[in-house]
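# Commentary on secondary and tertiary structure
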Amino acid sequence: MVFKLRGIARAIRVSLILWLLTAIIYPLFILLIAQIPLFQYQAKGSIILDLNSEPIGSALIGQTFTSEEYFHSRPSSVLYSQGKRATPTGISGSSNLAPSNPKLINRIVETANELQEENVEPTPDLIYTSGSGLDPHISLESAKEQSERVASARNLRTDQIYRLIFKYTEGRFLKIFGEPRVNVLRLNYALDLQEINRR
């Protein structure tokens, strides 16, 4: 009986210690780390501000762009923003449709047809969502495929568009994982700034 009570007391102590570590100490530690100036941008959602200090979106979450003047991002089951430019809505999510689901197949075929109408090769990341549905990047290939459409819509030269694409291309993670990718929100905002600079 005494042995059982000791075992119960030990289990309660271990549970309390783990609860303190995981529910109190660790979150407070992370909160304190986030207050360091070095991490302020990330801790506040990596929000990109325009020239008027107004938020235009998060660099970490995919945004929806429909205008021909902008690069299209990866499709998502959630519309993060409405209108010509992206604005943060606080909504995020992904689809749980199976690969055999007719709704998913129809959406993919529709997207591929829309891209072909724009003379854009339907690359995988322009017709398929990412695993989380939140990916803010497209491949370098997908950005290049859209460059002529964007250049034409903005009356810019293709080489000007290419310069911006390469400027906002992020390399492989730790130089070995993944592929080079382009942050669509940063690239589209840079296009707006290029337009401002030309006036």
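Residues numbered from 1 in each chain as written. Predicted model: local features only at pLDDT ≥ 70, side-chain atom pairs only at ≥ 80, totals over all residues. Heavy atoms only, no water.

The protein carries the name Potassium-transporting ATPase KdpC subunit in an unreviewed UniProt entry, which gives Calothrix parasitica NIES-267 as its organism. Annotation of the protein in UniProt includes, under Subcellular location (unreviewed entry), the sentence "Cell membrane". Recorded in UniProt under Subunit (unreviewed entry), the annotation for the protein is "The system is composed of three essential subunits: KdpA, KdpB and KdpC." (UniProt positions renumbered as here; feature names shortened; annotations may be inferred.)

### Thoughts on the overall build of the protein
The helix and strand inventory of the protein stands at seven helices and five strands. Helices and strands appear in the protein in the N-to-C order α-α-β-β-α-α-β-α-α-β-β-α. For the protein, restricting intrachain contacts to residue pairs at least 6 apart in sequence, the fraction spanning at least 24 positions comes to 53%. Accessible surface for the protein amounts to roughly 13100 Å². Of this, 60% is attributable to carbon and sulfur atoms. (Helix = DSSP H or I, 4+ residues; strand = E, 2+ residues; numbered from the N terminus. Contact = heavy atoms within 4.5 Å. Areas by Shrake-Rupley, 256 points an atom, 1.4 Å probe, with all protein chains shown as cover.)

### Some thoughts on the pattern of salt bridges
Applying the stated rule across the entire model yields seven salt bridges. Residues Arg181 and Glu170 are paired through a salt bridge, measuring 3.6 Å at the closest nitrogen-oxygen approach. Of the two residues, Arg181 sits in strand E5 (residues 181-183) while Glu170 sits in strand E4 (residues 169-170), which places them 11 residues apart along the sequence. Under the relative-accessibility criterion, Arg181 is labelled partly exposed at 25%. Among the ionic contacts, a cluster of salt bridges with common partners joins Arg157, Asp159 and Arg163. (Salt bridge = Lys/Arg side-chain N within 4 Å of Asp/Glu carboxyl O. Buried < 20%, exposed > 50% of the residue type's maximum accessible area, 1.4 Å probe, protein only.)

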